[in-house]
Amino acid sequence: MRRVYSVVCAVTAVAAAFVTGCTRDTDTRAATTAAQRAEPRELTYTEELRLSDAQQRLIARCMTEQGFTYHAYRPLTVEEHHPVGYVQDDVAWAREHGYGSRIRAKADRARLGNPNIVYRESLSEERRASYDTALSGGSAARELSAEVPEGGTYRKRVGGCVAESEKRLYGDLATWFAADKTASGLQAHAVEAVLKDSRFTAAVERWSQCMRRAGHGHPDPGEAREAVRRQSQRLSEAEAFGAEREVAAADATCARETSLRTVAEEREAHHMDRLRGDYGDALDTVRRIQRDALARAEKIAGRQP
């Protein structure tokens, strides 16, 4: 579930105008219903990291050609990019990292020390303006728009080396942008349906009973995480992280024991299937473009993230 399992995105942006590839997917889905269906599956988070790394390399090459320095930069390890979303059932990861608070703090520190930001700030005002134009196109950047199923229109300016990197990976940007936004909107609808789905809510109740037996009386995973956040404000950093790891490990253990993630993925696949009649072409298009982009990314950045 792209939104329910959404990773806390560790962005390594140079500036607000710069687009980096942040992970948003779950980890391995080989056993899920969606992966067993005929249409292409979503990318795993490690595959999306390959896309992000490839885009960073393409931007670096392009910026060098424009006479600037640009560092292909990813401050977090693959393990630290592990998705932390509504349902997380990797017990070993939770025991070590909790809900990822220290990883988020590391990402925040990395933003401040991003070598691309440091380099940009070292430039003169005139060169800085040229850098921004080379990177993202400046005011002359082309605007893409896409109408989405929930209503409204998304817009995005594309230009410079960022646009060139996206073209190399995704091909026609207008087609990619429209299909991607449509798919994201449909998944948002599916996630809303899952959260109200009786099979999913029944699984959440089983999870809650499991958590109570473990000494943590929380009605759902979201509330467990919010309780940890509130508690952390009253504890030392070390005490807060210890409590976070304890609750997160119980959360993941109960998610595994109650098959909460499996139920969630199955119900999401069910609700997405109901939308395919009207939007199947867009869903197939975005998956096809993703797979083609991944193949290109692996030639640029290799298969190992």
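Within every chain, residues take consecutive numbers counted from 1 along the sequence as written. For a predicted model such as this one, the threshold for reporting local features is a pLDDT of at least 70, and the threshold for listing and counting side-chain atom pairs is 80 or more; totals across whole chains, interfaces and linings nevertheless cover every residue. Just so you know, side-chain values use all the structure's heavy atoms and leave hydrogens and water out.

### Quick word on the pattern of salt bridges
- For this document, the term salt bridge refers to a Lys or Arg side-chain nitrogen within 4 Å of an Asp or Glu carboxyl oxygen. Under the criterion given, the structure shown has 22 salt bridges.
- The shortest N-O distance in the salt bridge between Glu47 and Arg291 comes to 3.4 Å. Here Glu47, found in helix 1 (residues 45-65), pairs with Arg291, found in helix 11 (residues 260-301); they are 244 residues apart in sequence, far enough to count as distant.
- Here Asp284 makes a salt bridge to Arg276, at a shortest N to O gap of 2.7 Å.
- One continuous salt-bridge network, built from bridges that share partners, spans Glu223, Glu226, Arg229 and Arg230. Note on conventions: DSSP H or I runs of at least 4 residues are helices, E runs of at least 2 residues are strands, and numbering of each starts at the N terminus.

### Quick look at the nonpolar core
- If you look at the biggest cluster of nonpolar residues, it comprises 27 residues, and the most contacted ones within it are Tyr99, Phe200, Trp207, Met211, Val247 and Leu260.
- Only heavy atoms enter the contact rule, under which two residues are in contact if any of them lie within 4.5 Å. Each residue touching Tyr99, except ones within four places of it in the same chain, is listed here: Val84, Arg104, Ala224, Arg225, Val228, Glu244, Val247, Ala248 and Asp251.
- Each nonpolar core is a collection of buried residues, namely Ala, Val, Leu, Ile, Met, Phe, Trp, Tyr and Cys, held together in the definition by side-chain atoms within 4.5 Å. Between buried and exposed lies partly exposed: a residue is buried under 20% and exposed over 50% of the maximum accessible area for its type, with that area taken using a 1.4 Å probe on protein chains only. Counting residues in hydrophobic clusters, the runner-up holds 20 residues, among them Ala54, Leu58, Ile289 and Ile300.

### Focus: the state of the cysteines
- In this description, the term disulfide denotes a pair of cysteine sulfurs within 2.5 Å. On inspection of all chains with the given rule, the structure shows two disulfides.
- Paired by a disulfide, Cys62 and Cys161 hold their sulfur atoms 2.1 Å apart. Around the S-S axis, the bridge from Cys62 to Cys161 shows a dihedral of about -75° and counts as left-handed. Remark: Cys161 occurs in helix 6 (residues 160-170) and Cys62 occurs in helix 1; sequence separation between them is 99 residues.
- Given a relative accessible area of 1%, Cys161 falls into the buried group.
- Note that Cys210 is cross-linked by a disulfide to Cys254, the S-S spacing being 2.1 Å. Between Cys210 and Cys254, the S-S dihedral sits near -80°, and the bridge is therefore left-handed. Taken together, the residues Cys210 in helix 8 (residues 198-213) and Cys254 in helix 10 (residues 237-257) connect sequence positions 44 residues apart. Both residues of the pair, Cys210 and Cys254, belong to the buried class.

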